[in-house]
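Examining the three-dimensional arrangement
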Amino acid sequence: MKEAPTLPIPVVLGIDDLRPLPQATRIARTSREGIQLLEEHRNSFIDELWLDHDLGGDDTIMPVVTLMEEAAFNGQPFQIGAVFVHSANPIGAETVVRSLARWNYRVQRATA
């Protein structure tokens, strides 16, 4: 008897200092870890990317956003199905949404 083919596990990445993000397959807790996580997935499709703006202390998601913007500017945007911004910081979240939308990433506000 043949086994049914298995579907690939969706790649769901999260960058958040506090939330558990149970739907995520990998989580980064700082912007530095977030950049590393994205670079590890540079040449593969990311189904979902969950972003929090404030990452503790003076750290924010903006270095990650800058990496994504630069990749798009250079004609090599990250291949991401959907970006969800789930920050409690409304101004920071709107900045992230606006910045990424400008580079044609599919991005929206969400609750985690």
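Above this note sits the structure.
The text that follows walks through the structure, step by step, so that each part is easy to find. All values reported here derive from a predicted model rather than from experimental measurement. (Residues numbered from 1 in each chain as written. Predicted model: local features only at pLDDT ≥ 70, side-chain atom pairs only at ≥ 80, totals over all residues. Heavy atoms only, no water.)

A look at the sheet that holds strand 3 (residues 46-51)
Put simply, the test is: Here the rule is simple: two strands pair whenever DSSP picks up at least two bridges between them. Comment: elements are numbered from the N terminus, with helices defined as DSSP H or I runs of at least four residues and strands as E runs of at least two. In this description, a line fitted to the C-alpha atoms serves as the axis of each element, helices being fitted only across the stretch in contact, and the angle between N-to-C directions of two axes falls anywhere from 0 to 180 degrees. In what follows, a contact means two residues having at least one pair of non-hydrogen atoms within 4.5 Å.
The 5 strands are arranged 2-1-3-4-5 in an open sheet whose pairing can be described as parallel. Among the strands making up the open sheet, the edge pair consists of strand 2 (26-28) and strand 5 (107-109). Pairwise comparison of adjacent strand axes, ignoring direction, gives a mean angle of 20° for this sheet. Alignment of strand 3 against strand 4 (residues 80-85), held across 5 bridges, turns out to be parallel. Bridge assignment links Glu-48 to a residue of strand 4, and that residue is Ala-82. Taken strand by strand, helix 3 (residues 90-102) contacts strand 3, strand 4 and strand 5, and its axis lies near 165° from that of strand 5.

Considerations on the environment of Ala-82
With respect to the helices and strands, Ala-82 occurs in strand 4. Each C-alpha atom of the pair Ala-82 and Ala-93 lies 15 Å from the other, and the pair is 11 residues apart in sequence. Apart from the residues within four sequence positions on either side, Ala-82 is in contact with Asp-47, Glu-48, Leu-49 and Arg-106.

Topic: the nonpolar core
What counts, and what does not: Here, nonpolar core means buried Ala, Val, Leu, Ile, Met, Phe, Trp, Tyr and Cys residues that are tied together by side-chain atoms lying within 4.5 Å of each other. Burial classes follow relative accessibility: with a 1.4 Å probe on protein chains only, a residue under 20% of its type's maximum area counts as buried, one over 50% as exposed, and anything between as partly exposed.
Within the largest apolar cluster, 26 residues are counted, with the highest numbers of intra-cluster contacts made by Leu-38, Leu-49, Met-68 and Leu-100. For this core, the secondary-structure elements that each account for two or more residues are strand 1 (12-15), helix 1 (31-40), strand 3, helix 2 (62-73), strand 4 and helix 3. The element that contributes the greatest number of residues to this core is helix 2, accounting for 6 residues. By size, the runner-up hydrophobic cluster in this structure holds 7 residues, among which are Val-12, Trp-50, Ala-82 and Phe-84.

Structural notes on the pairing of strand 1
The two faces of a sheet get side chains in turn, since along a regular strand they alternate between them. Both faces of strand 1 are covered, namely the face carrying Val-12 and Gly-14 and the face carrying Leu-13 and Ile-15. Here strand 1 runs beside strand 3; their pairing, made up of 4 bridges, is parallel. Across the sheet, the residue bridging to Leu-13 is Leu-49, located in strand 3. Of the pairings in the sheet, the one linking strand 1 to strand 2 comprises 3 bridges and is parallel in character.

Some remarks on the environment of Val-96
With respect to the helices and strands, Val-96 occurs in helix 3. With residues near it in sequence (within four places) discarded, Val-96 still touches Leu-51, His-53, Ile-61, Met-62, Val-65 and Val-85.

Topic: the packing of aromatic side chains
Two descriptors summarise a pair of aromatic rings, namely the distance from one centre to the other and the angle between the planes of the rings. The cut-off we apply is this: Centres within 6.5 Å make a pair out of two Phe, Tyr or Trp rings, where for Trp the six-membered ring is used; the pair is then stacked when the planes are under 30 degrees apart, edge-to-face when over 60, and tilted otherwise. Definition used: whenever NZ (Lys) or CZ (Arg) falls within 6 Å of the ring centre and also within 35 degrees of the ring normal, the charge is taken to sit over that ring.
All chains considered together, the criterion is met by 2 aromatic pairs. The cationic tip of Arg-42 hangs over the ring face of Phe-78; the distance from NZ or CZ to the ring centre is 4.0 Å.

Quick notes on the pattern of salt bridges
We count it as follows: Counted as salt bridges are all cases of a side-chain nitrogen of Lys or Arg within 4 Å of a carboxyl oxygen of Asp or Glu.
Per the counting criterion, the structure on display carries 5 salt bridges. Taking the shortest distance from any N to any O, the salt bridge between Arg-19 and Asp-52 comes out at 3.3 Å. With Arg-19 in the loop between strand 1 and strand 2 and Asp-52 in the loop between strand 3 and helix 2, this pair connects stretches of sequence that are 33 residues apart. For Asp-52, a relative accessible area of 5% puts it in the buried group. The salt bridge involving Glu-94 is made with Arg-98; its shortest N-O contact spans 3.8 Å. With Glu-94 and Arg-98 both in helix 3, this residue pair falls 4 residues apart, about one helical turn. Look at Glu-94 and you get partly exposed, because its relative accessible area is 33%.

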